[in-house]
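# Survey of secondary and tertiary structure
Next come the chains, spelled out residue by residue.
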Amino acid sequence: MWTSTPPGASPGGAHRPLPGWVRGKEIMDAYMKKDAAAKQTGGWWFNAFGPDAKPLGVDVVKGCYECHAEGAKGSDLVFSKFIE
Ligand code: HEC
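Each chain has its residues counted from 1, running along the sequence as written. Confidence filtering applies because this is a predicted model: local features only for residues at pLDDT of at least 70, side-chain atom pairs given and counted only at 80 or more, and all residues used for totals across whole chains, interfaces and linings.

### Description of the confidence of the model for the protein
The condition that has to hold: Every residue gets a pLDDT, meaning the predictor's confidence in that residue, from 0 to 100. Secondary structure elements are taken from DSSP: a helix is a run of H or I of four residues or more, a strand is a run of E of two residues or more, and numbering for both begins at the N terminus. Residues are defined as contacting one another if the C-beta atoms placed from their backbone atoms lie within 7 Å.
Averaged over every residue, the pLDDT of the protein is 81; residues scoring 70 or more account for 75%. Ranking the elements of the protein by mean pLDDT puts strand 1 (residues 29–34) last with 93 and helix 1 (residues 60–71) first with 95. Confidence drops under pLDDT 50 across residues 1–15; counting only partners more than four residues distant or on other chains, this segment forms 30 contacts.

### Quick look at unusual backbone geometry
Under the convention used in this document: Counting other C-beta atoms within 10 Å of each residue's C-beta, where C-beta atoms are placed from the backbone, gives the exposure class: buried for 20 or more, exposed for 12 or fewer, partly exposed between.
One non-glycine residue, alanine 53, adopts positive backbone phi at about 70°. With respect to the element layout, alanine 53 can be found in the loop between strand 2 (44–49) and helix 1. The exposed category is assigned to alanine 53, around which 11 C-beta atoms lie within 10 Å. One non-glycine residue, leucine 77, lies in positive phi territory at about 70°. As for its placement among the helices and strands, leucine 77 is situated in the segment after helix 1. Overall, leucine 77 belongs to the buried group, with 21 C-beta atoms counted inside 10 Å.

Written out as structure tokens, the structure reads:
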């Protein structure tokens, strides 16, 4: 659905390509930030930026939260897991 982010392309450069990933064309940088004030979206802020680092203006309830709430409801809306 999206690719990982080359350093510098995201505000703060938070994302790094993971080993074994092949980089495609960058579609967007997707962010989540935990904050109890984000009541509409399960205690997480969601946001997405294009390759030019401009906000994409997605409807984060329908476009982000609903899928995370459904698919990752047992793990605080986060899909990724630490390697054990
Ligand atoms: C159709 C389902 C779906 C939608 C819609 C969706 N995501 Fe996700 N998201 C996933 C899945 C599955 C993963 C884990 C696999 C991956 O990284 O591709 C994930 C991973 C993430 C991660 C890494 C942390 C984690 O949960 O593993 C972030 C951050 C994220 N999504 C943000 C967003 C944002 C922001 C939006 C809206 C712009 C969004 N997502 C929309 C399914 C979705």
